[in-house]
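Given next are the chains, with one letter for each unit.
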Amino acid sequence: MVSLSRLLVSQERVSLSVSTFSTFFLPAFVSYLAMAVLVQRKRTAMIRFALLPVTWLCAYRAGSSLDLSFGIPDYRFLNQILVAAVFTFSMRSTGWAFAKKPYSRIALQPNKTFNGDTMSDSTSNRMTSVEDIPLSTAFWNAWDLSVNLRGIGWDWTKGLRIPKSSFGTESTSKFLLGTLAKLLFNTLAFDAASRAAHYLSPEIFGSTEGDTIFDASLPPLSRYTRSAIITILSGLAVYFMVESLYQIYTIVFVLLFRQAPSQWPPLFDTPWLSTSLTSFWGRKWHQLLREYFISVGARPLSCLFGRPGGVMGAFLISGVLHYLVLKAMERGGHPVAVFGFFIMQAVGLILEDMWKKRTGLRVDGFWGLLWTLLWLVFWGTFMIDAWARVGLIGARFFPGDYRPTVLLVHFLKHGFDLFRF
């Protein structure tokens, strides 16, 4: 056992190996998995409360000790994935520790879709009985619960809006082919968007050294137009990256673990068509982290300050996550820019609520679309500037010769030369 002081004081990161994985990451994951087992069982509240600090400490130790970049600055962004994972372990475990009743798994029908609002004909009304659930079943369910962030097929999901799959879920082969096509497109789009932002200034903020996206040598109109374009490109890159990762997981779990396509519905619901901040953050953007934003952030503050407190609490937890993830680049976390972005998103939602109460009308239509875009881009510019300052925009997400867009150009050029010959 390491001492408490060693756990609480940040140590120099060590490169990933079998030894460091088992020493640092495995205890965090095992304690997280144990919480996933316990939350399904009755009369485990005291055990969950006792295990929670251990889970926090193990997660902190893993996130602050391991180095997935192996000391290469271009790949330091991999440590952000690690920090995001262990923070998720901590926050989900916190929600599970305070769960009022055991979680129960719904027996999904293979070719039906899951609706988080109601348990209607789209799911089987039969649930695994908590009274009779054997410990072995709880262990098996825990594997699903540990990676199932939206609660597809679980009874604790309330109010979750699930987009419909454009490929259908009746045919697994058709679903997998459609998912593979989306993966290829989104990977290409991610590379194109991230490199476009990088090439706007490859020797300044587009490097691992990092710098500001606000070019003081330009006149104000050009300076802020350019920073807005960089912000939009970076936002698109985030969207395509998250989509790509989700589609990789979808293929792996459906193909190798034989999960039903209905367990992997679309992640986003055309966020670019959002006509209000409420629709963007509440329905259109991905809902992967919705559970612990509500249980850890929104619910406690809503008890004290009502709905405005709940909205602010959810975005504060999101701010903590993004601050810690950015800090994993080891160039500072820029808390003012990061927390400022998420606090102002909460303010925007509260303003929309006030508008509805005052006028009786929801924010919607063309003006709602314009309002949403301007609010996101304006405050997002400061967030993206923080990314640029720590070198994230200059990160090398793919090896130079194996970037998807480069491979596509080579393929098309080779094909054209063959056709011409």
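Residues numbered from 1 in each chain as written. Predicted model: local features only at pLDDT ≥ 70, side-chain atom pairs only at ≥ 80, totals over all residues. Heavy atoms only, no water.

You'll find the protein chain entered in an unreviewed UniProt entry as Membrane bound O-acyl transferase family-domain-containing protein, with Suillus discolor given as the organism. In UniProt, the protein chain has this text filed under Sequence similarities (unreviewed entry): "Belongs to the wax synthase family." For the record of the protein chain, the UniProt heading Pathway (unreviewed entry) holds the text "Secondary metabolite biosynthesis." (UniProt positions renumbered as here; feature names shortened; annotations may be inferred.)

Helix and strand content of the protein chain: twelve helices and two strands. Along the protein chain, from the amino end to the carboxyl end, the secondary structure elements read α-β-α-α-β-α-α-α-α-α-α-α-α-α. The burial tally for the protein chain puts 47% of its 421 residues in the buried class. Within the protein chain, contacts between residues separated by at least 24 positions form 73% of all contacts whose residues are at least 6 apart in sequence. Accessible surface for the protein chain amounts to roughly 22200 Å². Of this, 68% is attributable to carbon and sulfur atoms. (Helix = DSSP H or I, 4+ residues; strand = E, 2+ residues; numbered from the N terminus. Buried < 20%, exposed > 50% of the residue type's maximum accessible area, 1.4 Å probe, protein only. Contact = heavy atoms within 4.5 Å. Areas by Shrake-Rupley, 256 points an atom, 1.4 Å probe, with all protein chains shown as cover.)

Under the UniProt annotation, "transmembrane region" (unreviewed entry) lies at residues 20-39, 228-257, 309-326, 333-351 and 366-388. Strand forms 0% of residues 20-39 and helix 95%; the C-alpha atoms that close the span are 29 Å apart.

The next subject is the nonpolar core. In this structure, Trp281 and Phe315 are the most contacted members of the largest nonpolar core, which totals 51 residues. It is helix 7 (residues 220-255) that contributes the most residues to this core, ten residues altogether. Ignoring sequence-local partners within four residues, the contact set of Trp281 consists of Gln287, Phe315, Phe341, Gln345, Leu349 and Leu376. Grouped together as the second largest cluster of nonpolar side chains are 30 residues, Ala62, Phe89, Ala97 and Leu145 included. (Core = buried A, V, L, I, M, F, W, Y, C linked by side-chain atoms within 4.5 Å.)

Looking now at the pattern of salt bridges. Overall, the coordinates contain six salt bridges when judged by the stated rule. With a closest N to O distance of 2.5 Å, Asp353 and Arg307 form a salt bridge. With Asp353 in helix 10 (residues 335-359) and Arg307 in helix 9 (residues 290-327), this pair connects stretches of sequence that are 46 residues apart. When the shortest N-O distance is used, the salt bridge between Arg389 and Asp385 registers 2.8 Å. Of the two residues, Arg389 and Asp385 are both situated in helix 11 (residues 365-389); the distance of four residues between them amounts to about one turn of the helix. (Salt bridge = Lys/Arg side-chain N within 4 Å of Asp/Glu carboxyl O.)

It is worth spelling out a nonpolar patch on the surface at this point. A contiguous nonpolar surface patch, about 500 Å² in accessible area, is contributed by Leu16, Phe21, Leu26, Val30, Phe70 and Ile72. Leu16 gets classed as partly exposed once you look at its relative accessible area, which sits at 33%. (Patch = residues over 30% accessible without salt bridge, like charges linked within 9 Å, V, L, I, M, F, W, Y side chains within 5 Å.)

Under the 1.5 Å per step criterion, the end-to-end length of helix 4 (residues 78-97) is 29 Å for 20 residues, consistent within 8% with the ideal 28 Å. For helix 4, the tally of buried residues reaches 16 of 20 residues, placing the bulk of the element in the interior. (Expected span 1.5 Å × (residues − 1).)

Its location among the elements puts Arg48 in helix 3 (residues 45-65). Buried and without a salt bridge, Arg48 has Glu291 as its closest oppositely charged side chain, separated by 10 Å. For Arg48, the contacting residues outside a window of four places in its chain are Met35, Leu38, Val39, Arg41, Trp96, Ala97 and Ala99. (Lys, Arg positive; Asp, Glu negative; His and termini not counted.)

Take Phe167: it is sitting in the loop between helix 5 (135-147) and helix 6 (172-199). Each C-alpha atom, one on Phe167 and one on Gly178, is 6.3 Å from the other, the two residues being eleven residues apart in sequence. When residues no more than four places from it in sequence are discounted, the contact partners of Phe167 are Lys174, Phe175, Gly178, Thr179 and Lys182.

A word on the packing of helix 6 against helix 7. Where helix 6 contacts helix 7, the axes come no closer than 8 Å and their chain directions differ by 150 degrees. If you check the angle between helix 6 and helix 7, you find them roughly antiparallel. As for how helix 6 packs across helix 7, the hand of that crossing is left-handed. When its residues are assigned to classes, the contact of helix 6 with helix 7 shows 19 nonpolar, nine polar and two charged. (Axes fitted to C-alpha atoms, helices over the stretch in contact; angles between N-to-C directions. Parallel < 35°, antiparallel > 145°, perpendicular 65-115°, else oblique. Left-handed = near helix turned anticlockwise from the far one by under 90°. Nonpolar A, V, L, I, M, F, W, Y, C, P; charged D, E, K, R; others polar.)

Moving on to the packing of aromatic side chains. Taken as a whole and assessed by the stated rule, the structure comprises 39 aromatic pairs. Where Phe378 meets Trp379, the ring centres are 4.9 Å apart and the plane angle is 85 degrees; that geometry is what we call edge-to-face. By the ring-pair criterion, three or more aromatic residues cluster together here, those being Phe185, Tyr239, Phe240, Phe268, Trp272, Phe280, Trp281, Trp285, Phe315, Phe341 and Phe342. Above the ring of Tyr199, the side-chain terminus of Arg195 is found at 5.5 Å from the ring centroid. (Phe/Tyr/Trp six-rings, centres within 6.5 Å; stacked < 30°, edge-to-face > 60°. Lys NZ or Arg CZ within 6 Å of the ring centre and 35° of its normal.)

A positive phi is found at Phe70, a non-glycine position, where the angle reads about 55 degrees. Phe70 gets classed as partly exposed once you look at its relative accessible area, which sits at 48%. Even without being glycine, Thr270 reaches a positive phi, approximately 45 degrees. Mapped onto the fold, Thr270 is located in the loop between helix 7 and helix 8 (277-284). The class of Thr270 is partly exposed, set by a relative accessible area of 29%.

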